[in-house]
Amino acid sequence: MAGDGIRAGDTAPGNTGQGVGHSVPRKEDDRYLRGTGEYVGDIRLAGMRELAFVRSPYAHARLVSIRKPADAAHLVFTADDLCDVLPIIANSGLPGFKSSAQPALASGKVRHVGEAVAVCVADTRAEAEDLAAAVIVEYDELPALSDMLDAARPDAPLVHDHWGDNLFLQTRVEADLAEIARTAPVVVRRTLRTARQCMSPMEGRGVIARWEARLEQLVLTTSTQMPHIVRTGLAGCLGLPEEQVRIIAPDVGGGFGYKGILLPEEVCAGFLARHLGHPVRWIEDRREQLAGNANCREHHYDLTAYADADGRLIALDADASVDAGAYSIYPFSACLEAAQVASILPGPYRMDAYRCVTRSVATNKAGIVPYRGVARAGVCYAMETMMDAIAAETGLAPHLVRLRNLVPADAMPFDNITNKHFDSGDYPEALRRVVAAIDVEGVRRRQAVQDGPVRLGIGFAIFCEQGAHGTSVYHGWGIPMVPGFEQAVARLTPDGGLELRVGIQSHGQGLETTLAQVGHEILGISIERIRVVHGDTALTPYSTGTWGSRCMVMAGGAVATACRELGERILAIGAHLLQVAPDAARIERGQVVCGARTVSISEVARTWYLRPQELPADVCSGGLEITGGYKTLRDTGTFSYAAHAVVVSVDTELGDVAILDYAICEDGGVLVNPMIVDGQVHGGVAQGIGTALYEEMPFDSAGQPLATTLADYMLPGATEVPALRVDHMVTPSPYSAFGQKGIGEGGAIGPPAAIANAVNDALRPLGVSVDRLPITPHRIVQALMDRCDRGVS
Amino acid sequence: MKPVAFDHDCPVTLEEAARLIARPGARPIAGGQSLGPMLNFRVARPDHLVALAALAGLTGVEDTAQVITLGAATCHAAIEDGRVPDLPGGVLSRIAGGIAYRAVRNRGTIGGSLCHADPGADWLITLTALDASVLTWTPSGGRMIPLAGFVTGAFRTVLAAGEIVQAVHIPRPGPGFGWGYVKACRKPGEFAHAMAALLVDPARGVRRLVIGATGGAPVLLQGVRADPACVGDALAGSGLGRVERRMQAVVAARALAQATNGRVMPA
């Protein structure tokens, strides 16, 4: 379905079909489709040796002793060998936060299964693993905390002995709800849980470290979303000045948040490369990824909603816990997730009062990293469950309850109950469109006559997604990394090509194309001649990197700013070559134009670089290279939004859920490349389906992860993702360069809520619901059998 | 993870293969679709891997009025594609087509799957229901082992050290037979958490229901006991929880419905 709003490229002067708003094919796909992308695992350096880690088999234990194999002791390194290496520390700025120190290699005790205890060096990975198997570690096992509710009890064993409890942080949004609780006509309560997940990009993590003696510099090639932040963190841990650390991110095969982190493995590799004098490499395998490395998304909610008899939400009372694992990860900390829960749980709705307690609980699990959508997948599931609960309690249709509570278009921009500044949009219209798209009335008629084991259900979810968070937002959340101005370098080459150097990382988003489209939009240079350079701290300006749906807004804005400033210089030179006043000329289709007279940008470049004798002495002393800095007009972020509607069938005998129809209406403002946006939505929905129905890392009471292979950790595949119908609305953001909004995460946010609501809609006539994710066949059948037992008793 | 170091032997005769397999620390490998991951996880740590898939003695196919014989090294894809004889209605082809993913079916073999004896393996469950047997080979002669007694537990068989499964004998059911096979999987191609195969063969007076994915050897119910109503009792000591036992009864009922297709068939 085509969009019906503004497409900036359609109206730009000199439109060539490559600018903002055009679905041009992705420039980077040529190398990806030919298999010539270069990932960490493809790189071979002379003299490079492989690393394998000895990892803790226990969730919580004292390290008694580590015995190295006698014949290879010099190839095995423990915490004692990492001289002067500092632990990874990521402190929240919020008052009351308790600090954790994540060592590069464990010392004293281990705090989760998979924590690195020693690192082994050999010519091949297999030999390094042989060596790791020969290291004998004696542990004294301690009681493990595998459940956040247990860990929050006052008498629980301690993950960090000096804390006194297991809370990284507890926060409160206060409100007096006593009067509302006494008088509200409708009160609904739910207890909900979301599973711990393991983000699973196609390419895992991996790092190559080498010490360049000539430059006295550590060069670390790593699969990361944020090279500059890794550089800052790594330099700190290794005690190196930052100019002696260079981070290169080559092709990166997906991130989703999993690569928004400074790794203990990076610290170890960096130390060893310098210490040993030869390059070392570590490639994460799936077992390390699943069993030992950072997890995400485990929430627990106790929620009470108060409403009028007509379904209008009066107040929400929330108690939320997040299982943050053993360590606060760098740079997002252990508390981003809970901070988001507190501030975005109210979703796109209006309400009179809101109270929320959050806890970031330390447990004996790997730390948590923000996964695509961060807390939003959980809070959307929680809030949308409450909307359906109000609907069930009042007897109103679920979409009507939502329409009564959504912020209306005429209230935009709108400051919500947690002071989120919704920039623009028509939320009710998005919902109305998906209600129409899935034929609610038709499904309701079929539901009314069904009597077999297979039942139909309809579910909705609507949410808004803050993207491109600015300085005040991240400072307010206490995150130790606060974004400021985003920068981009625009440099004209002597033959008229354009290099755009950006500090963000493109790991599948197509930014090598979309940022080129922005450059084209401003300067008219063909995107074939625009090269986007990223993934190297030596070549790009500082950036906090790629996270939080920020790149198209922030890096896009920075590229536009740099290109505009570069355009002024091109005009000054071009006007001289045309012998006209600069304000009489303009840039169009890659040329400086004045009336019928033109000079190409390549001619301008050649003249400035190689034939300066043709220019006056005072023309453009700064040259044809610009660093532009950019912030949005307000730093409170853009708010894209989407409504999801899904029809499922539930096999009530086997618990299987089939997605029969899935309709989405999203609004990402002006879409720089609508094809890429659709791809983002599709990919996100696939991951959201995983959250809803498949993905779960269970732990036993000893803290052992139980899904340590992809045979046990279920990821959705091609057969689990239905044909999606994606409709677009286009409401420009008033605060971004082209009206674009961050859109990278939204697809993953809606499915858990919409699918859970659909399943529970199907089960409602049978008197049961499933109140935790993922909704597995076992949980559905169990709920129905429990209900049956209660009926009998 | 990477496997431990091992030697890879490629014998060309059954005699040579049997001798190589009999060495301490040796392990046969056919398609390697189960053993491969076990090697990478270092669950399997052989000193020698002995490759069987290319042995001429394991690839023959024979079709008579009574029995279909498939060489043990016949890959799932060959059966799926109809490159070997099949039972009426494409019974074997449909079973093969439901195993894991095509890449696995291209290399995985019917004999290797049976010898691996995974409690959730398709061939083990379905061929037990079809009353198939394996023909084994040793230097001193072979034997015919009915699949009903072939597996003694999860990943355990009655095979002696050095004994090689050479072929699978699948008896042709009588005219008008009914066949049902239903598995409950989280995703297509994943291992099932409930599976039932049912053969109703009125001409021979045979009715066999096999429940798989129990965590142990397949559970065979025959005659009047080959009925979904008996599944719960039959699994009482299996260690399965009540939800899993319920699901097993459901897939058995659906297999029965497939096999009888609305017909009334004698037990």
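This one's a predicted model, so the numbers in the text were calculated from it and none came from an experiment. The residue numbers shown here count from 1 along each chain, following its written sequence. Numbering of ligands from 1 and lettering of chains from A proceed in the order in which they are written. The predicted nature of this model means local features are confined to residues of pLDDT at least 70 and side-chain atom pairs, given and counted, to a pLDDT of 80 or more, with totals for whole chains, interfaces and linings taken over all residues. With hydrogens and water set aside, each side-chain value is computed from the structure's full complement of heavy atoms.

The next subject is the overall build of chain B. In this description a helix means any DSSP run of H or I spanning at least four residues, a strand means any run of E spanning at least two, and both kinds are numbered starting from the N terminus. Tallying secondary structure elements over chain B gives 9 helices and 14 strands in all. Only C-alpha atoms enter the radius of gyration; for comparison, a globular chain is expected to reach 2.2 Å times N to the power 0.38, where N is the number of residues. Rg of the C-alpha trace for chain B: 18 Å, near the compact-globule value of 18 Å for 267 residues, within the 12% margin. In terms of overall dimensions, chain B has C-alpha extents of about 55 × 40 × 30 Å along its principal axes. Per-residue burial over chain B gives 54% buried out of 267 residues. Here, residues are in contact when the closest pair of their heavy atoms is within 4.5 Å. Taking the contacts inside chain B whose residues are at least 6 apart along the sequence as the reference set, 61% of them involve residues at least 24 apart. Accessible surface, chain B: about 10900 Å² in total, of which carbon and sulfur atoms supply 55%. This count recognises Lys and Arg as positive and Asp and Glu as negative, with His and chain-terminal groups excluded. All charge positions are set by atom: Lys at NZ, Arg at CZ, Asp at CG, Glu at CD. Both charge centroids of chain B, one from 26 positive and one from 19 negative side chains, sit 7 Å from each other. Any residue under 20% of the maximum accessible area for its type is buried, any over 50% is exposed, and the rest in between are partly exposed; the area is computed with a 1.4 Å probe on protein chains only. Only the protein chains shown count as cover for residues, and all accessible areas are computed by the Shrake-Rupley method using a 1.4 Å probe.

Bringing the pattern of salt bridges into the picture now. A pair can form between side chains of opposite charge whenever their charged atoms are brought close. Residue and element names in this part refer to chain A. For this analysis, a salt bridge means a side-chain nitrogen from Lys or Arg found within 4 Å of a carboxyl oxygen belonging to Asp or Glu. Scanning the entire structure with this criterion turns up 68 salt bridges over all chains. Of the charged contacts in the structure, one is a salt bridge between Glu288 and Arg125, with a shortest N-O distance of 3.2 Å. Taken as a pair, Glu288 in helix 8 (residues 286-292) and Arg125 in helix 3 (residues 125-134) lie far apart in primary sequence, 163 residues in all. Arg125 shares its class with Glu288; the two are buried. Among the salt bridges present, the one from Asp319 reaches Arg359, with a minimum N-O distance of 2.7 Å.

Turning our eyes to something else, we now look at the interface of chain A and chain B. Contacts between the two partners involve 29 residues from chain A, matched on the other side by 20 residues from chain B. By buried area we mean the combined loss of accessible area, with a 1.4 Å probe, across both parts when two parts are placed together. When residues of chain A are sorted by the area they lose upon contact with chain B, Arg287, Leu654 and Met785 of chain A head the list and together hold 26% of the total. Summed over the shared surface of chain A and chain B, the number is 6 salt bridges. The salt bridge involving Glu653 of chain A is made with Arg254 of chain B; its shortest N-O contact spans 2.8 Å. Any pair of N or O atoms that falls within 3.5 Å is considered a polar contact. Within protein, one atom must be able to donate a hydrogen and the other to accept it, and sequence-neighbouring residues count only if both atoms are side-chain atoms. At the boundary of chain A with chain B, the tally comes to 12 residue pairs in polar contact (both at pLDDT 80 or more).

Take the side chain of Gln166 of chain B next. Its place among the elements puts Gln166 of chain B in strand 10 (residues 164-171). Side-chain polar atoms of Gln166 of chain B contact the backbone oxygen of Gly57 of chain B, separated by 3.3 Å.

Once that is clear, we can look at the UniProt feature "domain: Aldehyde oxidase/xanthine dehydrogenase a/b hammerhead" (unreviewed entry) in chain A. UniProt positions are given in the numbering used here, feature names are shortened, and annotations may be inferred rather than shown by experiment. Sequence positions flagged by UniProt for "domain: Aldehyde oxidase/xanthine dehydrogenase a/b hammerhead" (unreviewed entry) are, in local numbering, residues 34-143 of chain A. Between the end C-alpha atoms of residues 34-143 of chain A the distance is 51 Å, and the span holds 9% helix and 29% strand.

Let us now look at the environment of Thr224 of chain A. Residue and element names in this part refer to chain A. Its location among the elements puts Thr224 in the loop between strand 10 (217-222) and helix 6 (227-238). Overall, the relative accessible area of 1% leaves Thr224 in the buried class. Distance from Thr224 to Pro157, taken between C-alpha atoms, is 35 Å for residues 67 residues apart in sequence. When neighbours within four sequence positions are excluded, Thr224 is seen to be in contact with Val230, Ala249, Val252, Lys259 and Gln505. Within the structure, the side chain of Thr224 is placed 3.1 Å from the backbone nitrogen of Met226, a separation counted as a polar contact. At 3.2 Å, the side chain of Thr224 and the backbone oxygen of Lys259 are in polar contact.

Turning next to the domain arrangement of chain B. Residue ranges for the domains originate in an automatic or database domain assignment. Under the domain assignment used here, chain B contains domain 1 (7-51), domain 2 (61-171) and domain 3 (178-261). Taking only C-alpha atoms, the centre of domain 1 of chain B and the centre of domain 3 of chain B are 33 Å apart.

All right, on to the environment of His644 of chain A then. All names here are of chain A. Checked against the element boundaries, His644 lands in strand 26 (residues 638-651). Sequence separation of His644 and Ile314 is 330 residues, and the distance between their C-alpha atoms is 24 Å. Among the polar contacts listed, one links the side chain of His644 to the side chain of Tyr662, at a separation of 2.7 Å.

Glancing now at the packing of helix 16 (residues 551-578) of chain A against helix 17 (residues 601-610) of chain A. Residues and elements named next belong to chain A. The axes used here are C-alpha line fits, helices contributing only the stretch in contact, and every angle between their N-to-C directions lies in the interval 0 to 180 degrees. Where helix 16 contacts helix 17, the axes come no closer than 10 Å and their chain directions differ by 90°. Overall, the two elements helix 16 and helix 17 adopt an arrangement that is roughly perpendicular. Across the interface between the two elements, Ile570, Ile573, Gly574 and Leu577 from helix 16 touch Ile601, Glu603, Val604, Thr607 and Trp608 from helix 17. Each residue gets one of three labels, nonpolar for Ala, Val, Leu, Ile, Met, Phe, Trp, Tyr, Cys and Pro, charged for Asp, Glu, Lys and Arg, and polar for the others, Gly among them. Of the residues that constitute the contact of helix 16 with helix 17, the class distribution is 6 nonpolar, 2 polar and 1 charged. For classification purposes, an angle smaller than 35 degrees is called roughly parallel, one larger than 145 roughly antiparallel, one from 65 to 115 roughly perpendicular, and anything else oblique.

All right, on to unusual backbone geometry then. Residue and element names in this part refer to chain A. In this structure, Pro331 follows Tyr330 across a cis peptide bond, with omega equal to 5°. Tracing the backbone shows Pro331 in the loop between strand 14 (313-323) and helix 9 (336-344). Phi at Asn419 is positive, roughly 65°, even though this residue is not glycine. Structurally, Asn419 is set in the loop between strand 16 (414-415) and strand 17 (421-422). With a phi angle near 50°, Arg589 is a residue other than glycine that sits in the positive phi range. Among the structural elements, Arg589 can be located in the loop between strand 22 (586-588) and strand 23 (591-594).

Working rule for helices: expected span equals 1.5 Å times residues minus one. With 18 residues, helix 19 (residues 746-763) of chain A ought to run about 26 Å at 1.5 Å a step, and its terminal C-alpha atoms sit 27 Å apart, in line with that. Within helix 19 of chain A, 18 of the 18 residues are buried, which leaves the element mostly enclosed by the surrounding structure.

Residue and element names in this part refer to chain B. Paired strands, in this sense, are two strands between which DSSP finds at least two bridges. Pairing within the open sheet is parallel, and its 3 strands lie in the order 1-3-2. Whereas interior strands pair on both sides, the edge strands pair on one side only; in this sheet they are strand 1 (7-9) and strand 2 (26-29). Neighbouring strand axes in the sheet, compared pairwise and without regard to direction, differ in orientation by 25° on average. In the sheet, strand 1 pairs with strand 3 (residues 48-51) via 3 bridges, with the strands oriented parallel.

A few words now on the packing of helix 18 (residues 674-694) of chain A against helix 19 of chain A. Residue and element names in this part refer to chain A. Contact geometry of helix 18 with helix 19 gives a least axis separation of 6 Å together with a crossing angle of 40°. Accordingly, the angle class assigned to the pair helix 18 and helix 19 is oblique. Between helix 18 and helix 19 lies a crossing of right-handed hand. For the pair formed by helix 18 and helix 19, the contact residues are Val681, Gly684, Val685, Gly688, Ile689, Thr691, Ala692 and Leu693 on the first element and Gly747, Ala748, Pro751, Pro752 and Ile755 on the second. Broken down by class, the residue content of the contact of helix 18 with helix 19 amounts to 9 nonpolar, 4 polar and no charged. With the far helix as reference, a near helix turned anticlockwise by less than a right angle produces a left-handed crossing, and one turned clockwise produces a right-handed crossing.

Residue and element names in this part refer to chain A. Residues of helix 12 (residues 427-437) that are buried: Tyr427, Pro428, Ala430, Leu431, Val434 and Val435. The buried residues of helix 12 all sit within an arc of 160° when viewed along its axis, so they share a single face. Between a side-chain oxygen at the N-terminus of helix 12 and the backbone nitrogen of Glu429 the separation is 3.1 Å; the capping residue is Asp426. Asp439 occupies a position one or two residues after helix 12 and carries a positive phi of about 60°. Regarding the arc, it is the one traced by the directions from the helix axis to the C-beta atoms.

The positions that UniProt labels "domain: FAD-binding PCMH-type" (unreviewed entry) are, in the present scheme, residues 1-175 of chain B. Helix makes up 27% of residues 1-175 of chain B and strand 23%, with an end-to-end C-alpha separation of 51 Å.

Before going further, it helps to spend a moment on the state of the cysteines. Linking two cysteines covalently via their sulfur atoms produces the bond known as a disulfide. The term disulfide is used for any two cysteine sulfur atoms that are within 2.5 Å. Taken as a whole, this structure holds 0 disulfides over all chains when the rule is applied. No disulfide involves Cys115 of chain B; its sulfur sits 16 Å from the nearest other cysteine sulfur, which is in Cys75 of chain B.

Before going further, it helps to spend a moment on the confidence of the model for chain B. How sure the predictor is of each residue is captured by pLDDT, a score from 0 to 100. Summarising the model, chain B shows a mean pLDDT of 95, and 99% of its residues fall at 70 or more. Note on the complex model: pTM 0.96, ipTM 0.96.

How big an interface is tends to be expressed through the accessible area that disappears when the partners come together. All names here are of chain A. Partitioning chain A into structural domains gives domain 1 (8-37 + 485-630), domain 2 (49-144) and domain 3 (374-467 + 637-789). Centre-to-centre, using C-alpha coordinates, domain 1 lies 39 Å away from domain 3. The partner domain 3 presents 21 residues to the 26 residues of domain 1 that form the contact. For the pair domain 1 and domain 3, the two sides together bury roughly 1500 Å², of which 64% comes from carbon and sulfur. When the buried area of domain 1 at its contact with domain 3 is split by residue, Ser23, Ser549 and Val553 rank highest and sum to 32% of it.

Here we come to the sheet that holds strand 6 (residues 136-141) of chain A. One open sheet accounts for 3 strands, arranged 4-2-6 (chain A); its pairing is antiparallel. Each edge of the sheet is formed by a strand with only one pairing partner; in this case those strands are strand 4 (109-110) and strand 6 of chain A.

Residue and element names in this part refer to chain A. Mapped onto the secondary structure, Thr638 falls in strand 26. The buried category is assigned to Thr638, whose relative accessible area is 1%. Polar contacts involving the side chain of Thr638 include one to the main-chain amide nitrogen of Gly742, which spans 3.0 Å. Thr638 has contacts with Asp423, Glu465, Gln466, Gly467, Ala468, Val553, Ser733, Ser736, Gln740, Lys741 and Gly742, leaving out every residue within four places of it along the chain.

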